[in-house]
Amino acid sequence: MNYKEEIAKKINAVTNVAISELEEYIEIPPNPEMGDYAFPCFKLAKELRKAPPAIATELKENIVVDGVIEKIEVAGGYLNFFVNKSTLVVEVLKEVLAKGEDYGKSDIGNGKTIVIDYSSPNIAKPFHIGHLRTTVIGGALYKMYKFLGYHVVGINHLGDWGMGISKTIAGYEMWKEEYSFDENPIMSILAIYVRFNKLEKEDPSYTDKARDVLIRLENKDEETTKLWRWIIEISLENYQKVYDLLGSEFDSYNGEAFYNDKMDRVIKELEEKNLLVDSEGAKVVEMPDNMPPCIIITSAGTTIYATRDLAALLYRIDNYDFSKALYVVGSEQSLHFKQVFKTLELMGYEKYAKNCEHISFGLILDENGEKIGSRKGGHLLTLEEILNESIEKSRKIIEEKNPELDNKEEVAKMVGVGAIIFNDLSNNRVKDEIFDWNQILNFAGETGPYLQYTYVRTQSILRNAGIEEKSLLEADFTKLLDKEGIDVIKLLGSFETAVVNATNKNEPSIISRYLIDVAQSFSRFYNEHQIICEEEETKKARVALTKAVGTVVKTGLSILGIKTPEKM
Ligand code: ARG
């Protein structure tokens, strides 16, 4: 039952204002005593040329109450709607129980393609904490859009070209005998890069060595290309370990190098459209509003990051005809994306340019509010180490709480990884994230483990209830018409809305917040009412509610990329 739509239909019958517009205005009052839904009449004051209280009174007189909406009240400029609670609990629970893990899914995305560029590390370095947010936020968006029926293309736009990798190759050529590449090759590759950079600072002739490598790569020299491929392979092997832990999915690993032969088109189109301007030896596209120009060809005659991103955009337009292209990248690249999207618009692709969006996010800070860099005391904080630390800490907690548990390793993995993911998604993404172990793994706080534990509790109630699950659909749901029951069920009923809102704003934290609300409200229900009680019908209804909560929590967590154990 979509209550907002029902209410919008009723208002539309009186005012003729479009249902979709009305639906957007409908709010949920902060206090349920004021109604389940509220319509702010001032939204129509201009259109109807009337004062809000007059609109409210007129609407109340003309709207017929029925089995769905049982009461309407005027409160100043607001019209408050009270839904019939029996209909509510029956409709919502029937739907959740019948649909199971498909509950909340929708087809609003059918026929639309969303391209999500995320993770996209620069290769030849191990995956570190600086890659966490893009990978986790991008991964959640990927699953959220899929859940709503969109065709989603996840792209790992690897930084696999340019001076960075050329330095590594130049260093390898000089010092390969000094390192071992058997055990943990990515660390040796990193050590070579760090050593090269240090030397280069004192001796500019090292830059020439790297430039020479890049020229060889550009000329497709066989030996150098082979080395380049090998380094990509080693890097991907390292990344894959983290992607497996986090459950990250990509449909394409086309990185920067993939666009080497696709940049001529960008330059040609820019020239044809008279957009390329000479500036201090470079070729640039001038930007409006005092924005610095977008450099396309440097004074050294080479293409750069922006040129590649434009080539990638043209490729994505041709191959995916996207309705949205999202770039999940840190805020320090905000100017870059503004320039690239503006250039695309100036090139005549307005329709696509206006659907490109930079999904930016805040920093990661430690418990003292200091920025966590990728290095600590000269040591690189790899994400693999951090995830393993979290798994290890979780294992210890589980060991303490439930030493009898069968598959401790597996559960520790779900809890440890889930905790890190949830922490990253628990606040508005533009806010800085606090990385504090005490908070991340607090089973009683607003955390991933708390939600997993909520699910586990629902499953243990189901096992103890001894009711055949299929029969729950026939329960008498009107046994749940107490305050706590209605609160939980109302929340369950707004699951799809939460996912849709989160997707519209590209804000996974709307789902995290929603899930915490569900868990807390279920916990209030649980504390007030004995679920496995004497009266058979009441027990059945409460168990049905418990099952529905479990279903929504599990599905919601899975959209965020978090797995749920059955016991913990
Ligand atoms: N490799 C870049 C970095 O690590 C991020 C790439 C983001 N995607 C893009 N299409 N520019 O900073």
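Residues numbered from 1 in each chain as written. Predicted model: local features only at pLDDT ≥ 70, side-chain atom pairs only at ≥ 80, totals over all residues. Heavy atoms only, no water.

Trainee: Could you clarify how one ought to interpret the pattern of salt bridges in this entry?
Mentor: In this structure the tally under the stated criterion is 38 salt bridges. Among the ionic pairs, Arg265 bridges to Glu269, the shortest N-O distance being 2.9 Å. Here Arg265 pairs with Glu269, and both are found in helix H11 (residues 263-272), just 4 residues apart, close to one helical turn. Judged by relative accessible area, which is 33%, Arg265 ranks as partly exposed. (Salt bridge = Lys/Arg side-chain N within 4 Å of Asp/Glu carboxyl O. Helix = DSSP H or I, 4+ residues; strand = E, 2+ residues; numbered from the N terminus. Buried < 20%, exposed > 50% of the residue type's maximum accessible area, 1.4 Å probe, protein only.)

Trainee: Can you help me understand the side chain of Ser521 in this one?
Mentor: Tracing the sequence through the fold places Ser521 in helix H21 (residues 509-528). On the basis of relative accessibility, which here comes to 3%, the residue Ser521 falls in the buried class. What Ser521 contacts, discounting residues up to four positions off in sequence, is Asp487, Val488 and Leu491. (Contact = heavy atoms within 4.5 Å.)

Trainee: Help me understand the sheet that holds strand S9 (residues 324-328), please; the structure alone is not making it clear to me.
Mentor: Whenever strands of a sheet pair, they do so through backbone hydrogen bonds, lying parallel or antiparallel. The 4 strands lie next to each other as S5-S4-S9-S10, forming an open sheet whose pairing is parallel. Bordering the open sheet on either side are strand S5 (151-155) and strand S10 (356-359), each of which pairs with just one other strand. Pairs of neighbouring strands in the sheet enclose a mean axial angle of 20°, with direction left out of account. Both S9 and S10 contribute to a ladder of 4 bridges, which runs parallel. (Pairing = 2+ DSSP bridges. Axes fitted to C-alpha atoms, helices over the stretch in contact; angles between N-to-C directions.)

Trainee: What's the story with the environment of Tyr193 in this structure? I'm lost.
Mentor: Inspection of the secondary structure assignment puts Tyr193 in helix H8 (residues 185-202). With relative accessibility at 17%, the residue Tyr193 sits in the buried group. Considered as a pair, Tyr193 and Lys209 are 16 residues apart in the sequence and their alpha carbons are 13 Å apart. The contact partners of Tyr193, leaving out residues within four places of it in the chain, are Lys125, Gly164, Lys167 and Thr168.

Trainee: So what exactly am I meant to see when it comes to the site of the ligand here?
Mentor: Lining the immediate environment of the ligand, one finds Asp117, Ser120, Asn122, His157, Tyr305, Asp309, Tyr327, Val329, Gln333 and Phe337. Between the ligand and the protein, one listed contact pairs a nitrogen atom with a backbone N or O atom of Ser120 at 2.9 Å. Tyr305 places a side-chain nitrogen or oxygen 2.7 Å from a nitrogen atom of the ligand. Bound to the protein, the ligand loses 86% of the 350 Å² it would expose on its own. Per-class residue counts for the shell around the ligand are 4 nonpolar, 4 polar and 2 charged. (Near = heavy atom within 4 Å. Polar contact = N/O pair within 3.5 Å; in protein donor to acceptor, adjacent residues only side chain to side chain. Areas by Shrake-Rupley, 256 points an atom, 1.4 Å probe, with all protein chains shown as cover. Nonpolar A, V, L, I, M, F, W, Y, C, P; charged D, E, K, R; others polar.)

Trainee: Can you help me understand the sheet that holds strand S8 (residues 294-297) in this one?
Mentor: Spatially, S6-S7-S8 is the arrangement adopted by the 3 strands of the open sheet, whose pairing is antiparallel. Pairing within the sheet leaves two strands with one partner each, and these edge strands are strand S6 (276-279) and S8. Neighbour-to-neighbour, the strand axes of the sheet open up by a mean angle of 45°, direction not taken into account. Two strands pair when backbone bridges link them, and strand S7 (residues 282-285) and S8 are joined in this way by 3 bridges, in the antiparallel orientation. Within S8, the residue paired with Val285 across the bridge is Cys294.

Trainee: Would you take a moment to explain the nonpolar core for this structure?
Mentor: Proteins that are soluble and globular tend to have nonpolar side chains buried together. Phe39, Leu79, Phe81, Ile116, Leu141, Leu492 and Leu545 are the most contacted members of the largest nonpolar core, which has 144 residues in total. Top contributing element to this core by residue count: helix H22 (residues 536-560), with 11 residues. Excluding its chain neighbours within four sequence positions, the residues that come into contact with Phe39 are Ile11, Leu22, Tyr25, Ile26, Leu44, Leu59, Gly77, Tyr78, Leu79 and Phe81. The next biggest cluster of nonpolar side chains, apart from the first, holds 37 residues, and it includes Met263, Val266, Ile317 and Ala325. (Core = buried A, V, L, I, M, F, W, Y, C linked by side-chain atoms within 4.5 Å.)

Trainee: Could you clarify how one ought to interpret helix H9 (residues 205-218) in this entry?
Mentor: Three or four residues apart is the spacing at which side chains of an α-helix point the same way, because the helix has 3.6 residues per turn. Under the 1.5 Å per step criterion, the end-to-end length of H9 is 20 Å for 14 residues, consistent within 8% with the ideal 20 Å. Buried within H9 are the following residues: Tyr206, Thr207, Ala210, Val213, Leu214 and Leu217. Seen along its axis, H9 keeps its buried residues to an arc of 120°; they face one direction. Those residues of H9 that are buried are in contact with helix H7 (163-175), H8 and helix H10 (222-246). Trailing H9 by a residue or two, Lys220 shows a phi angle of about 60°, which is positive. (Expected span 1.5 Å × (residues − 1). Arc of directions from axis to C-beta.)

Trainee: Sorry, what's going on with the packing of aromatic side chains here?
Mentor: Inspection of the entire model under this criterion finds 28 aromatic pairs. Both rings, one in Phe258 and one in Tyr259, keep their centres 5.0 Å apart while their planes meet at 90°; by these two values the pair is edge-to-face. Using a relative accessible area of 27% as the deciding quantity, one classes Phe258 as partly exposed. Take Tyr259: its relative accessible area is 1%, and that puts it in the buried class. Ring pairing ties together the aromatic residues Tyr118, Phe127, Tyr142, Tyr239, Tyr243, Phe250 and Tyr253, which thus form one cluster. The ring of Tyr206 has Lys209 sitting right over it, with the charged end atom 5.2 Å from the ring centre. A cation over an aromatic ring shows up here: Arg457 above the ring of Tyr526, its NZ or CZ 4.1 Å from the ring centre. (Phe/Tyr/Trp six-rings, centres within 6.5 Å; stacked < 30°, edge-to-face > 60°. Lys NZ or Arg CZ within 6 Å of the ring centre and 35° of its normal.)

Trainee: Would you take a moment to explain the side chain of Asn84 for this structure?
Mentor: Along the chain, the position of Asn84 falls in the loop between strand S3 (78-83) and helix H5 (85-99). By relative accessible area, which is 16% here, Asn84 ends up buried. If we skip the residues at most four places from it in the chain, Asn84 touches Tyr3, Gly67, Val68 and Glu70.

The values reported here are purely geometric and, on their own, carry no functional implication.
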